[in-house]
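Chain by chain, the residues run as shown.
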Amino acid sequence: MNDRVREDTARRLERAMGSLGTAAMARMDDRLPWYRALSAEDRSWVGLVAQAGIAAFVEWFQNAGGGRPAPSIEIFGTAPRELKRSVSLQQTVDLVRVVVEVVEAEVADLAAPGGEEQLRNAMLRYTRDVAFAAAQVYAREAEVRGAWDARLEALIVDALVRGEVDDGLHSWAAALGWTSSPVVVLAGYAPDADPQTVIDGMRDKGRRLGQDLLAGVQGDRLIVIVGGADSIKDAARHVVPRFGAGPVVIGPEVPDLHAAARSARAATAGLRAAAGWPDAPRPVLAEDLLAERAIDGDDDARAQLIENVYKPLEGTPLLDTLATYLEQGTSLEATARLLFVHPNTVRYRLKKITELTGYQPTEGRSAFTLQVGLILGRLSRTAVT
């Protein structure tokens, strides 16, 4: 008896497929603002998905029962991949709900006499499977998109670290939604925890703070690019604790991602040279490691020290004063005696040196940096001659 009722109901459903599809489209247009906002092409694809869903239900209903396994629904394969980017999972749920409402409203006319409850139960089971199918489709798309984004992110980080910056870099970054400036690059060691989990955590925190973030693990290094922070301190605050043990070096702030190669170069050079200053703070600015970077062979740091330390003093009594002061163990009196000047003159010149270079000769770290800059400047003049 039940089989005959099912067969009769199935025939009724088959005859009504066209009208059900039309009714579903009309209700979507009336009830779903997002559907009305779609392009004509996407609306057409959504209509095909709805029609495919109804057709699949009719076919399943005809063959269900008898202890057969739950159906495998693949109705979303009807639509192109682009549609899944235009229509969200929540909107897909709305679509399914509208189709179910349309069919349920017609149960009395669609079901054979005595088959109303059978049809309603079948609808419940079918819509459950449709919901699982939708979730699987969107999950697969998310996995594919996530894997692609991870590869693209790794390419951007690698290009910046290598200094291979071209117009394609901004296109890659735009594909990941990057719009922020200014930009700061941080370099440190990767944590023991799963690096991708750590990176995802940093990215989520940055998003809540209105910052963009790209990151990549290269060997034992973790490179993080932060965009849109109000200051270097803000850029580092939520990122630094996520690094592994050891130093974390912050490159200089640059105006945009295209210029981030300079910040990345300074940060990675600073990380290599950080062992030369065991007591360095964490994080430490790459600018504060200029002397160590120069000794380690960083050409950028050498050029910067010559430009900032040697050239402003060259050709003035300040250069001899600085050299003598450092050679005499920062003794004011000994410097004054050797230069045949009053100690107050030495004090005045040391103050001018600080104003011109930004480094204070009477402070230990600054004196060390000045010494390295002085030596590099002398060597550069020897190389020229």
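Residues numbered from 1 in each chain as written. Predicted model: local features only at pLDDT ≥ 70, side-chain atom pairs only at ≥ 80, totals over all residues. Heavy atoms only, no water.

1. Side note on the packing of aromatic side chains
- Within the structure shown, the criterion is met by one aromatic pair.
- When the centroid spacing of 6.3 Å and the interplanar angle of 90 degrees are considered together, the rings of Trp34 and Tyr35 count as edge-to-face.
- Here Trp34 falls in the buried class, since its relative accessible area comes to 14%.
- Tyr35 sits in the buried class, given a relative accessible area of 2%.
- Positioned over the ring face of Trp277 is Arg365, at 3.6 Å from the centre of the ring. (Phe/Tyr/Trp six-rings, centres within 6.5 Å; stacked < 30°, edge-to-face > 60°. Buried < 20%, exposed > 50% of the residue type's maximum accessible area, 1.4 Å probe, protein only. Lys NZ or Arg CZ within 6 Å of the ring centre and 35° of its normal.)

2. With respect to the packing of helix H15 (residues 332-339) against helix H16 (residues 343-357)
- The N-to-C vectors of H15 and H16 enclose an angle of 105 degrees; their axes lie 8 Å apart at closest approach. If you check the angle between H15 and H16, you find them roughly perpendicular. Only Pro343, Val346, Arg347, Arg349 and Leu350 of H16 make contact with H15, whose side of the interface consists of Leu332, Thr335, Ala336 and Leu339.
- Broken down by class, the residue content of the contact of H15 with H16 amounts to six nonpolar, one polar and two charged. (Axes fitted to C-alpha atoms, helices over the stretch in contact; angles between N-to-C directions. Helix = DSSP H or I, 4+ residues; strand = E, 2+ residues; numbered from the N terminus. Parallel < 35°, antiparallel > 145°, perpendicular 65-115°, else oblique. Contact = heavy atoms within 4.5 Å. Nonpolar A, V, L, I, M, F, W, Y, C, P; charged D, E, K, R; others polar.)

3. Structural notes on the sheet that holds strand E5 (residues 284-285)
- Spatially, the five strands line up as an open sheet ordered E2-E3-E1-E4-E5, and their pairing is mixed. At either end of the open sheet lies a strand with only one pairing partner, and these are strand E2 (212-218) and E5.
- As judged from the two bridges shared by strand E1 (residues 183-189) and strand E4 (residues 249-250), these two strands associate in the antiparallel manner. By the bridge assignment for E4, Ala187 is matched with Val249.
- Helix H9 (residues 195-208) contacts E2 and strand E3 (221-227) of the sheet and is inclined by roughly 165 degrees relative to E2.
- Contacts from helix H11 (residues 260-273) reach E1, E3 and E4 within the one sheet, and its direction differs from that of E1 by about 25 degrees. (Pairing = 2+ DSSP bridges.)

4. A closer look at H11
- The terminal C-alpha atoms of H11 lie 20 Å apart, and with 14 residues this matches the ideal 20 Å at 1.5 Å per residue to within 8%.
- With 11 of 14 residues buried, H11 lies mostly within the body of the structure.
- Taken together, the buried positions of H11 are Ala260, Ala261, Ser263, Ala264, Ala266, Ala267, Thr268, Ala269, Gly270, Leu271 and Ala273. (Expected span 1.5 Å × (residues − 1).)

5. Things to note about unusual backbone geometry
- Here the bond from Arg282 into Pro283 is cis, since omega is 0 degrees, no more than 30 degrees from zero.
- Within the secondary structure, Pro283 is located in the loop between H11 and E5.
- Its identity is not glycine, yet Thr330 carries a phi of approximately 60 degrees, on the positive side.
- Within the secondary structure layout, Thr330 lies in the loop between helix H14 (317-327) and H15.
- For Thr330, a relative accessible area of 38% translates into the label partly exposed.
- Phi is positive for Phe340, close to 55 degrees, though the residue is something other than glycine.

6. Re helix H13 (residues 299-313)
- In this model, H13 (15 residues) spans 21 Å end to end at C-alpha, consistent with the 21 Å of a helix rising 1.5 Å per residue.
- The largest bend along H13 reaches roughly 30 degrees and is located at Glu307.
- Taken together, the buried positions of H13 are Ala301, Leu305, Ile306, Val309, Tyr310 and Leu313.
- In the stretch just after H13, Gly315 is the one whose phi turns positive, near 80 degrees. (Bend = angle between axes of the 7 residues up to and from the residue.)

7. Re the nonpolar core
- Counting 31 residues, the largest nonpolar core has Met28, Phe57, Phe61 and Leu119 as the members making the most contacts within it.
- Mapped onto this core, the elements with two or more residues apiece are helix H1 (2-31), helix H2 (33-36), helix H3 (40-63), helix H5 (89-105), helix H6 (107-110) and helix H7 (116-162).
- Every residue in contact with Phe57, bar those within four places of it in the chain, is listed here: Leu13, Leu119, Ala122, Met123 and Tyr126.
- Ala291, Leu313, Val346 and Leu350 belong to the second largest nonpolar core, which has 26 residues in total. (Core = buried A, V, L, I, M, F, W, Y, C linked by side-chain atoms within 4.5 Å.)

8. Looking at the pairing of E2
- In terms of burial, E2 is a largely internal element, six of the seven residues being buried.
- Pairing of E2 with E3 involves seven bridges; the strand directions are antiparallel. Its bridge partner being in E3, Val217 is matched across the sheet by Leu222.
- The turn joining E2 and E3, which pair antiparallel and follow one another in sequence, is formed by two residues; a positive phi near 65 degrees is taken by Gly219.

9. Side note on the packing of H14 against H16
- In contact at an axis separation of 10 Å, H14 and H16 are set at 105 degrees when each is read in the N-to-C sense. Overall, the two elements H14 and H16 adopt an arrangement that is roughly perpendicular. The residues of H16 that touch H14, namely those facing Pro317, Leu318, Thr321, Leu322 and Tyr325, are Val346, Arg349, Leu350, Lys352, Ile353 and Leu356.

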